[in-house]
Amino acid sequence: MPKTRYTIAYVALMTLVVVASNFLVQFPLNAEVAGINLADILTWGAFSYPIAFLITDLTNRQFGPQAARKVVFAGFVVGVTLSFFTSVPRIAIASGSAYLAGQLLDIAVFNRLRRQAWWRAPLVGSLIGSALDTVMFFSLSFAAFFVFLGPNDPFALEAAPVLGVFAAEAPRWISWAIGDFAVKMIVGLVMLLPYGALMNVLRPMQAARAS
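How each quantity is defined
- Starting afresh in each chain, residues are numbered from 1 along the sequence in its written order.
- Selection of residues for local features in this predicted model requires a pLDDT of at least 70, selection of side-chain atom pairs for listing and counting requires 80 or more, and totals for whole chains, interfaces and linings are taken over all residues.
- Note that the side-chain values use all heavy atoms of the structure and ignore hydrogens as well as water.
- UniProt positions are given in the numbering used here, feature names are shortened, and annotations may be inferred rather than shown by experiment.
- Strands here are runs of E lasting at least two residues and helices are runs of H or I lasting at least four, both read from the DSSP assignment and numbered beginning at the N terminus.
- The globule rule used here is 2.2 Å times the number of residues to the 0.38 power, and the radius of gyration it is set against is calculated over C-alpha atoms.
- Note on exposure labels: buried denotes an accessible area under 20% of the residue type's maximum, exposed denotes more than 50%, and partly exposed covers the range between, all computed with a 1.4 Å probe on protein chains only.
- Only heavy atoms matter for contacts: two residues are in contact if any of them lie within 4.5 Å across the pair.
- Where accessible areas are quoted, they stem from the Shrake-Rupley method and a 1.4 Å probe; at the residue level, only the protein chains shown are allowed to cover.

Per an unreviewed UniProt entry, the chain goes by the name Probable queuosine precursor transporter and belongs to Rhizobium ruizarguesonis. Database annotation for the chain, UniProt heading Subcellular location (unreviewed entry): "Cell inner membrane". Looking at the Sequence similarities (unreviewed entry) heading of the UniProt record, one finds this comment for the chain: "Belongs to the vitamin uptake transporter (VUT/ECF) (TC 2.A.88) family. Q precursor transporter subfamily."

See below:
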């Protein structure tokens, strides 16, 4: 059945993105832009993770929100499992919670805007979902308030110039979050290209149109 084959393909792609992002997050981006040492605020995982929103949006467009949620939950199971094996429990909890909340919000926003201009649903959905994902992940992982999830990271909580260049100071995790979201916005815009290119190939089924 075409829907089953496509859904399996989407699940496989989502799994690949989650696995790749968990691997790439270990490697800082060794470059400098406008005096900002990107290795202090970014890893390569920040570039691969937003592709998950493209996969979710393509699933939502073609088969509707129910199928998109199935793909998201499959990625959630893989992501949380990997995180518990590769990181501390607090990071695993933060990663899984942020991923699930961000993706489900993206699905809801996309579905609300799907009948508007072709670019609006995937762009707005991914940006709003990414914002929630970023806030949840970095807050749960590093904010002192969430110490009940696990020990605080003293280095993340140390005050430092925002992005390493501004006079204002904030805990280092704030700069990490800003850098991460900036990349997600850029990649979200870039992801409109493959989304637009695939629109005529992956046409919505009747159930998706009626959602």
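Continuing now.
Turning to the overall build of the chain, a few remarks are in order. Across its full length, the chain carries 10 helices and 4 strands. Helices and strands appear in the chain in the N-to-C order α-β-β-α-α-α-α-α-α-β-β-α-α-α. For 211 residues, the compact-globule estimate of 2.2 N^0.38 gives 17 Å, and the C-alpha radius of gyration of the chain, at 18 Å, lies within 12% of that figure. Summarising its shape, the C-alpha atoms of the chain cover approximately 55 × 35 × 25 Å along the three principal directions. Across the 211 residues that make up the chain, the buried fraction comes to 44%. The long-range fraction of contacts in the chain, counting pairs at least 24 apart against all pairs at least 6 apart in sequence, stands at 69%. Counting only carbon and sulfur atoms, one obtains 72% of the accessible surface of the chain, whose full area is about 10700 Å².

In the UniProt entry, the feature "transmembrane region" (unreviewed entry) is given for residues 7-27, 33-55, 67-85, 91-111, 123-149 and 181-202. Between the C-alpha atoms that bound residues 123-149 the distance is 32 Å, and the span itself is 74% helix and 0% strand.

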